[in-house]
Amino acid sequence: MVASKSVPYATSKLRKRVRGLWRHFILREPPLARDGDWSEYYDTAERYAASQWLIIEPYLSASPKPDLSIVLDFACGRGRMAERFANISGKLICADMSLDAIEACRQRFAKNSNVACLVNGDESIPVPSGSITFLYSWDAMVHFSSSELEEYFVEFKRVLKADGMALIHHSNYAALSSVARPWPENPGSRAYVSAEDVRRIGEKCGLSIVKQQVIDWSLANLDCITVLKNR
Ligand SMILES: C[S@@+](CC[C@H](N)C(=O)[O-])C[C@H]1O[C@@H](n2cnc3c(N)ncnc32)[C@H](O)[C@@H]1O
């Protein structure tokens, strides 16, 4: 039992490690957030869930009000924000590229019959087209470059139903600095992306911008929340 469970994790960790080394030494590119080891983060971030929920909650009652019938948490980690959404969503789908994070979510939500947990792939989220009424991503896409954001915005456009909405927490660091460095070297490990970049990417992918709110994180105006609609 233990052995059969540990094999996929070991393989997945090894795959991440090899991809990281390949990017570093061969491609000479910065690492991707999807190849990181977030174990320490998961433990410490849990204690900030309640205060961060206070940032998200007003968006759920503001106009236009999102339809929480079928909700997707993209890059959910171990489900600290999903725990809040599980109680107010018709159905909640938690997706992450990390097998370990999804296994933790499966255990966390074992008693919630309305929650499903899925491992997503590069550029793909395994849910049917037009099936999601609302999706959100919290404290994960802040590390995504413009090209990674676009990669998944194309997929968001596909999975959202017509008029479905998305709330995306992302970096605004490029609006604060003229030095484009790899994300692990920036404050808060933020990607070199601005609110303006995300507006442009959303529109390019067929998602209209409902609103953008620049927020403070460890630095004033470091991040931004963008709300989009599938037009
Ligand atoms: C900093 S953690 C945030 C987790 C969670 N959203 C939270 O607030 O606790 C970043 C998460 O993003 C996930 N991630 C990074 N790139 C991803 C990708 N391309 N697709 C899905 N998940 C990804 C990682 O596996 C990790 O669980």
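In what follows, the structure referred to is the one given above.
All values reported here derive from a predicted model rather than from experimental measurement.

**Let's talk about the overall build of the protein chain**
Of the regular secondary structure elements, the protein chain holds seven helices and seven strands. Walking the protein chain from its N terminus toward its C terminus, one meets helices and strands in the order α-α-α-β-α-β-α-β-β-α-β-α-β-β. A compact globule built from 231 residues should have a C-alpha radius of gyration of about 17 Å, and the protein chain, at 17 Å, falls within 12% of that. Principal axes of the C-alpha set define a box for the protein chain whose edges measure 50 × 45 × 35 Å. Partitioning the contacts of the protein chain with sequence separation of at least 6, the portion at a separation of at least 24 is 60%.

**Focus: the pairing of strand β7 (residues 223–230)**
By the criterion of burial, β7 is predominantly enclosed, with seven of the eight residues buried. One ladder, built from seven bridges, connects strand β5 (residues 160–171) with β7; its direction is antiparallel. Bridged to serine 171 within β7 is aspartate 223. With eight bridges joining them, strand β6 (residues 207–215) and β7 adopt antiparallel strand pairing. If you follow isoleucine 209 over to β7, its bridge partner there is leucine 228.

**A word on the sheet that holds β5**
Spatially, the seven strands line up as an open sheet ordered β3-β2-β1-β4-β5-β7-β6, and their pairing is mixed. Edge positions in the sheet fall to β3 (115–119) and β6, since each of these pairs with one other strand and no more. Across the sheet, the axes of successive neighbouring strands diverge by a mean angle of 15°, strand direction being ignored. Seen against the sheet, helix α5 (residues 99–108) touches β2 (91–96) and β3 and runs at an angle of roughly 165° to β3.

**Examining the environment of alanine 45**
Tracing the backbone through its elements, the reader meets alanine 45 in helix α2 (residues 39–45). Residue class for alanine 45 comes out partly exposed when judged on the 17 C-beta atoms lying within 10 Å of it.

**Brief notes about unusual backbone geometry**
Among all residues except glycine, the phi angle is most often negative; among peptide bonds, the trans geometry is most common. For the bond running from serine 63 to proline 64, omega is -5°, close enough to zero to count as cis. By the secondary structure assignment, proline 64 is in the loop between α3 (49–61) and β1 (70–74). Look at glutamate 123: it is not a glycine, yet its phi comes out positive at around 60°. Within the secondary structure, glutamate 123 is located in the loop between β3 and β4 (132–137). The class for glutamate 123 is exposed, based on 11 C-beta atoms found within 10 Å.

**Examining the site of the ligand**
Taken together, 18 residues sit near the ligand, with Arg34, Ala75, Gly77, Ser98 and Ala140 positioned nearest. Class assignment for the residues of the shell around the ligand results in eleven nonpolar, three polar and four charged.

**Considerations on α5**
Along α5, the residues that are buried comprise Ala101, Ile102, Ala104 and Cys105. Projected onto a plane normal to the axis of α5, the buried residues spread over an arc of 155° and lie on a single side.

**A word on the nonpolar core**
Burial of nonpolar side chains together is a common tendency in soluble globular proteins. Of all hydrophobic cores here, the largest spans 52 residues; its most connected members are Cys94, Leu135 and Ala166. Not counting residues within four places of it along the chain, the set of residues in contact with leucine 135 comprises Val71, Leu72, Phe74, Phe156, Leu160 and Ala166.

Each value, and the rule that gives it
Residues numbered from 1 in each chain as written. Predicted model: local features only at pLDDT ≥ 70, side-chain atom pairs only at ≥ 80, totals over all residues. Helix = DSSP H or I, 4+ residues; strand = E, 2+ residues; numbered from the N terminus. Rg over C-alpha atoms; globule rule 2.2 N^0.38 Å. Contact = placed C-beta atoms within 7 Å. Buried ≥ 20, exposed ≤ 12 C-beta atoms within 10 Å, placed from the backbone. Pairing = 2+ DSSP bridges. Axes fitted to C-alpha atoms, helices over the stretch in contact; angles between N-to-C directions. Near = placed C-beta within 6 Å. Nonpolar A, V, L, I, M, F, W, Y, C, P; charged D, E, K, R; others polar. Arc of directions from axis to C-beta. Core = buried A, V, L, I, M, F, W, Y, C linked by C-beta atoms within 7 Å.

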